[in-house]
Amino acid sequence: MILIAVRRDDRFSPNSVEKDRLILEAACNNVCRQFEQQGVPCALRWVDEAELTPADEADLYLSMARLPEALQVLEGFEQQGRRVVNSARGVMNCQRSVLEKLMREHHVSAPQPCDEGGSPCWLKRGDAAAQSKADVVFCQDADALQKALADFKARGISDYVVSRHVEGDVVKFYGVSDLHSTEEPGSAPLPFREGLGIGFFRYFYPTDDGQTKFGDETQHNGPSHHYTFDAQALQSEVERLARLVGIEVYGGDAIIDSEGRFYIIDFNDWPSFSRCRDEAAEAIANCPLK
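Remember, predicted model here, so these are calculated numbers, not experimental data.

**A closer look at the sheet that holds strand β11 (residues 262-269)**
The sheet built from four strands is open, its strands ordered β9-β8-β10-β11 with antiparallel pairing. In this open sheet, the two edge strands, each paired with only one partner strand, are β9 (200-204) and β11. The average angle at which neighbouring strand axes cross in this sheet is 20°, direction not considered. Sheet topology places strand β10 (residues 249-256) next to β11; seven bridges connect them, and they run antiparallel. Residue pairing for β11: Ile 256 is matched across the bridge by Phe 262. Running over the sheet, helix α9 (residues 277-285) touches β8 (169-176), β9 and β10 and is turned about 155° from β9.

**A look at the pattern of salt bridges**
Scanning the model with the defined rule gives 23 salt bridges in all. For Arg 21, the salt bridge identified is with Glu 25, shortest N-O distance 3.0 Å. Residue Arg 21 and its partner Glu 25 are located together in helix α1 (residues 17-37), separated by four residues, close to a single helical turn. The class of Arg 21 is partly exposed, set by a relative accessible area of 32%. Each of Arg 8, Asp 20, Arg 66 and Asp 269 takes part in one network of salt bridges that share partners.

About the cut-offs
- Residues numbered from 1 in each chain as written.
- Predicted model: local features only at pLDDT ≥ 70, side-chain atom pairs only at ≥ 80, totals over all residues.
- Heavy atoms only, no water.
- Pairing = 2+ DSSP bridges.
- Helix = DSSP H or I, 4+ residues; strand = E, 2+ residues; numbered from the N terminus.
- Axes fitted to C-alpha atoms, helices over the stretch in contact; angles between N-to-C directions.
- Contact = heavy atoms within 4.5 Å.
- Salt bridge = Lys/Arg side-chain N within 4 Å of Asp/Glu carboxyl O.
- Buried < 20%, exposed > 50% of the residue type's maximum accessible area, 1.4 Å probe, protein only.

The quantities given are spatial measurements derived from coordinates; they are silent on function.
In structure tokens, the structure reads:
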């Protein structure tokens with residue numbers, strides 16, 4: 001068994017380069033251990049996504065790649081029947097503008113789009129994952145939005161999304177789901193499962209421990225009130241979104257309002273799992289990897 005770990009380019013790990021390295025390393029170690037316990041020797045290689053080529057052949061790829069060139073190579077491997085986690089197509093679907101369209105079409109619980117009126121809103125880069133604080137901008141009113149749009153234009157960003165600001169508790173979630181179950185995208189939500197293995201799901205309040213990537217959401221929403229909400233419903237909705245997108249290892253953020261309603265405001269492929277790294281690494285290794 002040859003396993004290739006594809007490292008994420010530093011530009012896609014703002015303030016999280018070491019954390020991203022640690023989760024990928026832990027997941028690979030768990031996977032190798034599982035294969036070896038089954039009597040299958042496992043050889044691990046590391047490749048930076050910018051250096052990945054069609055010559056990097058393996059039986060299995062654990063990939064945090066986001067560069068279009070790397071995803072193209074990985075998609076080619078998948079077409080040959082190689083196993084890639086996360087799938088290249090699924091990562092492409094995490095492009096924010098693509099993701100927003102998918103969420104609207106399937107009525108995933110999320111903030112409403114915002115026109116260029118005066119309501120507080122968020123302007124977010126749509127062509128790629130956020131690479132800096134400047135890619136996700138809070139706009140208090142129409143003037144602020146126009147200024148932010150001008151800044152985007154000056155940086156060459158023409159693909160963006162604008163969504164209404166929702167006040168409430170910021171919740172960061174992490175998950176690992178089974179895309180190879182018998183359930184089809186759009187089917188009834190999976191039952192609530194909490195623990196290791198497929199269906200792994202954890203959520204945390206970043207204002208409780210002070211761990212934030214950019215800090216904007218927590219800055220504009222304040223300390224958590226810990227509003228009561230249905231965690232089972234949030235997990236089911238997030239797992240449904242993961243199946244629609246086509247990724248197994250994911251994370252994101254949600255807002256819980258004072259009435260317990262939740263809104264998914266961010267969803268991305270393979271986060272750092274910094275708050276639950278060991279559990280997540282074991283859950284990733286429990287994915288069907290053959």
